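# Descriptive analysis of the structure
One letter stands for each residue in the lines below.
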Amino acid sequence: MSLLVFVGVKYVNKLASVFLACVIVSIVSIYVGALVSAFKPPQFPVCMLGNRTISRHEILDDQCGKTMLTQIKDQGEMGDYNTTSNETSTLGPTFDPSLAPPLTEKTTHLWKQFCHGTEINSSCDEYFLSNNFSQIKGIPGLASGVISDNLWSAYLSKGAVVEKASLSSSHVSPPASTQQPYVFADITTSFTLLVGIFFPSVTGIMAGSNRSGDLKDAQRSIPIGTIMAILTTSLVYLSSVVLFGACIDGVLLRDKFGDSVEGNLVVGTLAWPTPWVIVIGSFFSTCGAGLQSLTGAPRLLQAIAKDNIIPFLRVFGHGKANGEPTWALLLTALIAELGILIASLDLVAPILTMFFLMCYLFVNLACGLQTLLRTPNWRPRFSYYHWTLSFLGMTICLALMFISSWYYAIVAMVIAGMIYKYIEYHGAEKEWGDGIRGLSLSAARYALLRLEEGPPHTKNWRPQVLVLLKLDEDAHVKSPRLLTFASQLKAGKGLTIVGTVVSGNFLQNYGEALAAEQTLKHLMDKERVKGFCQCIVAQKPREGISHMIQSSGLGGMKPNTVVMGWPHAWRQSEDPQAWKTFINTVRVTTAAHLALLVPKNISLFPNNSEPCSEGYIDVWWIVHDGGMLMLLPFLLRQHKVWRKCGMRIFTVAQMEDNSIQMKKDLATFLYHLRIEAEVEVVEMHDSDISAYTYERTLMMEQRSQMLRQMRLSKSDREREGHPGSSSSSRTEAGGAARSQAQVVKDRNSMLRLTSIGSDDDDDTDGGERERASNAGGNGGGGGEREREGGRGGGRGSTEHHRRVQMTWTKEKSSQYRAAHSGCSTPEGFRDMLSMRPDHSNVRRMHTAVKLNEVIVNKSHDARLVLLNMPGPPRNTDGDENYMEFLEVLTEGLERVLLVRGGGGEVITIYS
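In short, a report on the structure.

The rules behind these values
- Residues numbered from 1 in each chain as written.
- Predicted model: local features only at pLDDT ≥ 70, side-chain atom pairs only at ≥ 80, totals over all residues.
- Heavy atoms only, no water.
- Helix = DSSP H or I, 4+ residues; strand = E, 2+ residues; numbered from the N terminus.
- Buried < 20%, exposed > 50% of the residue type's maximum accessible area, 1.4 Å probe, protein only.
- Areas by Shrake-Rupley, 256 points an atom, 1.4 Å probe, with all protein chains shown as cover.
- Phe/Tyr/Trp six-rings, centres within 6.5 Å; stacked < 30°, edge-to-face > 60°.
- Lys NZ or Arg CZ within 6 Å of the ring centre and 35° of its normal.
- Disulfide = S-S within 2.5 Å.
- Patch = residues over 30% accessible without salt bridge, like charges linked within 9 Å, V, L, I, M, F, W, Y side chains within 5 Å.
- Salt bridge = Lys/Arg side-chain N within 4 Å of Asp/Glu carboxyl O.
- Polar contact = N/O pair within 3.5 Å; in protein donor to acceptor, adjacent residues only side chain to side chain.
- Contact = heavy atoms within 4.5 Å.
- Pairing = 2+ DSSP bridges.

Let us now look at the overall build of the chain. Counting its secondary structure elements, the chain contains 31 helices and 18 strands. Of all 911 residues assigned to the chain, the portion counted as buried reaches 41%. Summed over all atoms, the accessible surface of the chain reaches about 50,100 Å², with 58% contributed by carbon and sulfur.

Encoded structure:
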């Protein structure tokens, strides 16, 4: 058959009509034979012992009985008894009936099967002695009323004797021995087994769909042909079952191999006019079904291989020039041959049943889901279709799978799941639509709407991260370790959005935005971060970041934490936009009530292939931030990189604080939070403001004033736009500005410091203290201590909060603008060096320096240091001072994570 299909499908189509005609003739002959049996039943005897069926293969002498009467076979005696001799007679010897030999009773061959000898008086089986042999009609006919006996089920267990319940039998029924000539059941029968055997007879329902490419009008032919085929075959199968039950005795129906009739065809005996009609019809029916499978299955396999849905099947997509699936046909023929070699329909049928039912289950599921999801492109032509029919069919298929064989069903479902995940993992080159995707969209919509019903509880809080990355001129990510850190923080869980801003106009830079998005996706794949990309095109980066923070996410799945990098070398940069964008982002996250994480020295953070074998994660809890500083180390330690790191929590106390009680309270708080960490209280002594602190503050203000005036002069020159200005004047002014900047830079390098800061004025600082006071016993101490430190700095200089009069005034600013020279002259620079620092800046610098000394002393060898990040100043004129304060606070630390809470509690003692 494989060779015939290989030659061409057109020859199969020509032979299909011949095969179909033979099958129809066979079916008609069965119906005619059933009607004829009502008047003249065929002779088809079945031997019974009591109510037990006897195998005809064991009746060698064709005697269904215990004994038989035979004549004496001795030739001498037979001559004396049977003939008389008359020598004178010309007629010869004559036969005399009165002289016939006597009959003797001898045992049959069945006697030997039940007894220990051939003698009449030998010991025999008890059931054999108690019951007699009889013969019943195997096919009593349509008018016999045998259907009343066959109407109810009579399942057998393996090794049980096939019995006829209506026949009389001895009450003594010892278990039958397999050595005796009974007909035994070779398997345990049940409804599930019958379904598994019967189901393959109706597996041609997808034949039309499998050959849709060869049909002229598939949309019209498939529905009509499939429905008519189902109705026809169902009518034939059901009517045949009823006719067999009405014409054939139950013991013969349950005799699987026909042992009781010596292996003769039961249906062939019933058919009219000859059993050969059934033999020929069965042969051609089998050939037709085989050709149908060998024609449809390879084409389906070839289509799957061509679409590259399953990559390792790609080789089966090739075929002959006319499109015949050569390789797919060879694989199909090999699988069919394996089924033939098994040589047991009982073993093959359940396997076929599982995969056909699985196929029908998914077809029904796909149709039902498409209807429920109201997919616009799902437009079935069948007018009487309803989604309940699909789900009813799916339920029946699933039930039949487990009814037929629960272990085969589980294996089939596991195989189907593995194939699905394999396809999902490798991805298909051609996307034909996925009903599961539509279901996922509906489920996502439902879940998002549920999240909008109310604010999340603190115990459900988890970081939903927005990672802000910056790209260079070649569209490469400048700090890829930011994404690595985010993946370690998330440990593969929760929402992650990776965003960047492309400067320019959207209409002109749309291609660059797509390229940037692809770069982010590749980086996410490399770092194995599951999440989304977002690229915004804006004229100014700070505006784009602000828009991204406002618009990222959807509904309850909005980011609650922003991760951004520290602007490196911000003091040496001629363009202040980098650090101004940084501070603006801090303000935006604060206004949006989002948490902010700023890793400093991100290039020194470990990647995912560099786990820390030892060390500590140090938390410096200065101001209560809703528990972010407590939660972040716990989340980091869930990742393999930080798993072996211990956790230490430091808090700062003044001299008047009870350090022992503070440590006890903090340890109790951590115990209730179920967080294991070492607790240490560090005492900070009040001290006078050192000359170093005073000098550092003065340098900071001088630099800020100089850069501010340089920007003012530049803007004035651009606004004035004197075309007559000589290029030599501009060059001279620029050289003077660069020399002034170099002097400040050299002094900074000589002091070898970096900084981090706090608020601009007392109102902002008071706001920090107000947030700290809301923390309670454990968290509020940090804010109180920060306030005390500030007071100590103030006492070192003066008791009143006042500002030192600077040499740079508004009057001088007006004069400089009028002269268009700014502070470009050496005289203006010398005047600026004579200024005195602001008292509040000195106080804050003193606090930052003292706190940095304590942190470096305790955490210089820590793997990671977590610090509270002060808020930016309300007055934008102090932005540069804010950056300096931040630098001072983190000086001498290798890895620092600045943390600013979102204003709400993120950790609770309740689980």
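A few words on the packing of aromatic side chains. Any aromatic ring pair is given by two values, namely how distant the centres are and how the planes are angled relative to each other. The tally for this structure, following the rule as stated, stands at 18 aromatic pairs. The ring of Tyr 182 is capped by Arg 52, whose NZ or CZ atom sits 5.2 Å from the centre of that ring. Over the ring of Phe 128 we find Lys 66; its NZ or CZ atom is 4.9 Å from the centre of that ring.

Right, let's talk about the state of the cysteines for a bit. Under the defined criterion, the tally for this structure stands at 2 disulfides. Linked covalently through their sulfurs, Cys 115 and Cys 124 form a disulfide whose S-S length is 1.7 Å. Taking the sign of the S-S torsion, about 105 degrees here, the bridge from Cys 115 to Cys 124 comes out right-handed. Pair check on accessibility: Cys 115 and Cys 124 agree, each one buried.

Time to look at a nonpolar patch on the surface. Side chains of Leu 398, Phe 402, Trp 406, Tyr 407, Ile 410, Met 413, Val 414 and Met 418 sit close together on the surface and give an oily, nonpolar patch of about 790 Å² of accessible area. At the level of elements, α15 (387-404) and α16 (406-426) are the ones that each hand at least two residues to the nonpolar patch. Broken down by element, the nonpolar patch gets its largest block of residues, 6 residues, from α16. Inspection of the secondary structure puts Val 414 in helix α16. Val 414 gets classed as partly exposed once you look at its relative accessible area, which sits at 46%.

Here we come to the side chain of Gln 180. Among the structural elements, Gln 180 can be located in the loop between α6 (147-150) and α7 (191-198). Engagement of the side chain of Gln 180 in a polar contact is seen with the side chain of Asp 125, the distance being 3.3 Å. Sequence-distant contacts of Gln 180, defined by excluding residues within four places in its chain, comprise Gln 113, Phe 114 and Asp 125.

Quick look at the sheet that holds strand β1 (residues 45-49) now. The 3 strands lie next to each other as β2-β1-β7, forming an open sheet whose pairing is antiparallel. The sheet terminates laterally at β2 (52-53) and β7 (133-137), the two strands that pair on one side only.

So, on to helix α22 (residues 628-636). Among the 9 residues of α22, 8 are classified as buried, and the element is accordingly described as predominantly covered. Taken residue by residue, α22 has Met 628, Leu 629, Met 630, Leu 631, Leu 632, Pro 633, Leu 635 and Leu 636 as its buried positions.

With an omega of 10 degrees, the peptide bond between Trp 272 and Pro 273 qualifies as cis. Topologically, Pro 273 is positioned in the loop between α11 (266-270) and α12 (276-306). For Asp 62, which is not glycine, the phi dihedral falls at a positive 60 degrees. For Asp 62, the position within the fold is in the loop between β2 and β3 (67-71). The exposed category is assigned to Asp 62, whose relative accessible area is 58%. Positioned with a positive phi, Glu 262 is a non-glycine residue whose angle comes to about 60 degrees.

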